[in-house]
Amino acid sequence: MDEAFVTWIYDFSEAGWVDALMIFFSSWGYKAMIGLFFLLALLKATRKLGLAAIAASLVGLVMSRTIRWIVPRERPFVALEEVTPLIEKEASASFPSEQALFVGILIALLWMIGSSLRWAGVLVGLVILVSRVYLGHHYVSDVLMGAVLGGFLFVTIYKLFSIQQSFPVEKEKSLTS
C-alpha cells in the first residue's frame, strides 16, 4: 500500500512549477522550522515553547537515528525502479522521516498555544510532508510516523517543563537566619 501511495504521488511530478514548489518546501521548510524554534527560545515570552521544541527535536533525532539503525528501510528511489529522486539524496534509511519530525513539532506547538496561525501551520506542514514523498525520498508511513513522533515528543516535553515549574524548589535558608 505504501508503494502505491508513493507511485501515485510521484506520478504528479510532470509539472515544472509543482516540482519547483515541492523542492522549495522540502529544502527550506524544515530549516525555517528549526530557525523558528531557536527564535522562540530566545524570546522571553515564548522561551518554554522554544526550548521544548528544541528538546523534542534533539530527542526525536536520536530516536529516529536509533530506529533507522535497528530497522533500516530503503528509500523509495532505491526500492522502486520507477521512482527517481527529484533532489539527489544518499541511499540512507528512510523510516521515520526526520523532516516530518519537525513538522509534527511545529503543528503540536501551534495547536497547543491556540495560535490563529495553526491552520496555516497545518497546511504548510502537509505540503512539506507531501513534498518528501513527491521527491521520492520517503514513503507515506515514513512521514506520518515522523510527524506523530515529533508531535508526541513536543507535547510530552512541554508538559514535563510545565510540571517541573509547578513544583518550585524551596530556597535554601541562609546561614544568618
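None of these values were measured; they are calculated from a predicted model.

(A) Molecular detail of the packing of helix 2 (residues 16-42) against helix 5 (residues 98-113). Where helix 2 meets helix 5, the axes come as close as 10 Å, and the angle between the chain directions of the two elements is 45 degrees. Relative to helix 5, the element helix 2 lies oblique. Crossing hand, helix 2 versus helix 5: left-handed. Between helix 2, through S26, Y30, M33, I34, L36, F37 and L40, and helix 5, the contact on the second element is made entirely by Q99, F102, V103, I105, L106 and L109. Each residue belonging to the contact of helix 2 with helix 5 can be placed in one class, and the counts come to eleven nonpolar, two polar and no charged.

(B) The pattern of salt bridges, seen in detail. By the definition in use, this model includes two salt bridges. Its salt-bridge partner being E98, residue R65 comes within 2.7 Å of it at the nearest N-O pair. Of the two residues, R65 sits in helix 3 (residues 47-70) while E98 sits in helix 5, which places them 33 residues apart along the sequence. Given a relative accessible area of 51%, R65 falls into the exposed group.

(C) Representation of the nonpolar core. Counting residues in each nonpolar core, the largest one holds 30 residues, and the members touching the most others are M33, F37, I105, L109 and F154. Of all the secondary-structure elements, those providing two or more residues to this core are helix 2, helix 3, helix 5, helix 6 (118-134) and helix 7 (140-166). Broken down by element, the residue count for this core peaks at nine residues, all from helix 5. If sequence neighbours within four positions are ignored, I105 has contacts with F37, A53, A56, S57, G150, G151 and F154.

(D) Examining the packing of aromatic side chains more closely. Inspection of every chain in the model, using the stated rule, returns four aromatic pairs. Centre to centre, the rings of W111 and W119 are 5.0 Å apart; their planes meet at 85 degrees, and the pair counts as edge-to-face. For W111, a relative accessible area of 38% puts it in the partly exposed group. Judged by centre distance (5.7 Å) and plane angle (20 degrees), the ring pair of F154 and Y158 falls under stacked. Residue F154 and its partner Y158 are both found in helix 7; the two are separated by four residues, about one turn of the helix. Accessibility expressed as a relative area gives 0% for F154, which makes it buried. What makes Y158 buried here is its relative accessible area of 18%. Sitting over the ring of W28, K31 keeps its end group 4.6 Å from the ring centre. If you follow R118 out to its NZ or CZ, it ends over the ring of W111, 4.4 Å from the centre.

(E) Highlighting the environment of P76. Checked against the element boundaries, P76 lands in helix 4 (residues 76-79). Measuring from C-alpha to C-alpha, the distance between P76 and V133 comes to 8.5 Å, with 57 residues separating the pair along the chain.

(F) Structural context of helix 6. The terminal C-alpha atoms of helix 6 lie 24 Å apart, and with 17 residues this matches the ideal 24 Å at 1.5 Å per residue to within 8%. Listing the buried residues of helix 6 in full gives G121, V122, G125, I128, L129, S131, R132, V133 and Y134. Once helix 6 ends, the next one or two residues include G136, with phi positive near 85 degrees.

Cut-offs applied
Residues numbered from 1 in each chain as written. Predicted model: local features only at pLDDT ≥ 70, side-chain atom pairs only at ≥ 80, totals over all residues. Heavy atoms only, no water. Axes fitted to C-alpha atoms, helices over the stretch in contact; angles between N-to-C directions. Helix = DSSP H or I, 4+ residues; strand = E, 2+ residues; numbered from the N terminus. Parallel < 35°, antiparallel > 145°, perpendicular 65-115°, else oblique. Left-handed = near helix turned anticlockwise from the far one by under 90°. Contact = heavy atoms within 4.5 Å. Nonpolar A, V, L, I, M, F, W, Y, C, P; charged D, E, K, R; others polar. Salt bridge = Lys/Arg side-chain N within 4 Å of Asp/Glu carboxyl O. Buried < 20%, exposed > 50% of the residue type's maximum accessible area, 1.4 Å probe, protein only. Core = buried A, V, L, I, M, F, W, Y, C linked by side-chain atoms within 4.5 Å. Phe/Tyr/Trp six-rings, centres within 6.5 Å; stacked < 30°, edge-to-face > 60°. Lys NZ or Arg CZ within 6 Å of the ring centre and 35° of its normal. Expected span 1.5 Å × (residues − 1).

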